[in-house]
Amino acid sequence: GQLFRYGKPTFAHLDLNPSQFLMFYPHTYQSGSGREGQYGSRNDDHNHNNLPILQINDFNRGRFLHWDNQNNTCPFQFDGCDKNTRGSRWHGPDRFIGCIDVNERIDTFALGGIFFFLLSDGEAPFYNTRRYGDYIKEGKLPSVPREAADAGGDHP
């Protein structure tokens, strides 16, 4: 199936975080002797430099999206999401306030947290507090780790 069709998302993952991504090199593998080998020719697809490929994993909490006659996503709720759910640093405010009228944008907040993780050299959003749920509900932004802020344009 397609996750994006006719300019509209068709699926919400609902649990995006860095551990949900798999990275692999499509043409290499480790043999039993520990030597690196190749699957097929390097020229059999468009990845001629054998660049790593990311794939999203673990779709067990995902939901297929439905659309109304005005091209709006039909809001939904999902199991395990109520006002008492703790959530995680990767979950958006919807997760902490009862998941009322959730739509495809629930994954956007998590993707922002993943970018934060990448740009801060592996720190999770709100890495310096245990009150992250309150901060997320209030719309506060996480502080950037000093090392990442000091790196300026030199940070990968």
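Values in this document were obtained by computation on a predicted structure and should not be read as measured data.

K.L.:
I'd like a description of the confidence of the model for the protein, backed by residues and values.
P.N.:
Where the model shows low pLDDT, its predicted coordinates should not be examined in detail. Here the protein averages 75 in pLDDT, and 70% of its residues register 70 or above. No element of the protein has a lower mean pLDDT than strand S6 (residues 36-38), which averages 53, and none a higher one than helix H2 (residues 106-119), which averages 89. Segment residues 40-44: pLDDT under 50, and eight contacts once partners within four positions in sequence are set aside and those in other chains are kept.

K.L.:
Explain H2 residue by residue, including any values.
P.N.:
Among all positions of H2, only Ile106, Asp107, Ala110, Gly113, Ile114 and Phe116 are buried. Axial view of H2: buried residues confined to an arc of 165 degrees, hence all on one face. For H2, the exposed residues set more than 90 degrees away from the buried face come down to Thr108, Leu118 and Leu119. In this structure, the buried side of H2 is in contact with strand S3 (11-12), strand S4 (21-24) and helix H1 (93-96). Following H2 by one or two positions, Asp121 has its phi on the positive side, about 60 degrees.

K.L.:
How would you explain the pattern of salt bridges if you had to name every residue and give the values?
P.N.:
As enumerated under the stated definition, the model contains three salt bridges in all. A salt bridge links Asp134 to Arg131; the nearest nitrogen and oxygen atoms lie 3.4 Å apart. Asp134 gets classed as partly exposed once you look at its relative accessible area, which sits at 31%.

K.L.:
Tell me about the side chain of Asp107, residues and numbers included.
P.N.:
Position of Asp107 relative to the elements: it lies in helix H2. For Asp107, the side chain forms a polar contact with the main-chain nitrogen of Leu14, separated by 2.9 Å. Setting aside residues up to four positions removed in sequence, Asp107 forms contacts with Ala12, His13, Leu14, Asp15 and Leu16.

K.L.:
I'd like a rundown of unusual backbone geometry, residues and numbers included.
P.N.:
Here Asp58, not a glycine, exhibits a phi torsion of approximately 60 degrees, which is positive. With relative accessibility at 31%, the residue Asp58 sits in the partly exposed group. With a phi close to 60 degrees, Phe126 is a non-glycine residue in the positive phi region. Position of Phe126 relative to the elements: it lies in the loop between H2 and helix H3 (132-138). Residue Phe126 is classed as buried on the basis of its relative accessible area, which comes to 4%.

Here is what the cut-offs are and how they apply
- Residues numbered from 1 in each chain as written.
- Predicted model: local features only at pLDDT ≥ 70, side-chain atom pairs only at ≥ 80, totals over all residues.
- Heavy atoms only, no water.
- pLDDT = per-residue confidence, 0-100.
- Helix = DSSP H or I, 4+ residues; strand = E, 2+ residues; numbered from the N terminus.
- Contact = heavy atoms within 4.5 Å.
- Buried < 20%, exposed > 50% of the residue type's maximum accessible area, 1.4 Å probe, protein only.
- Arc of directions from axis to C-beta.
- Salt bridge = Lys/Arg side-chain N within 4 Å of Asp/Glu carboxyl O.
- Polar contact = N/O pair within 3.5 Å; in protein donor to acceptor, adjacent residues only side chain to side chain.

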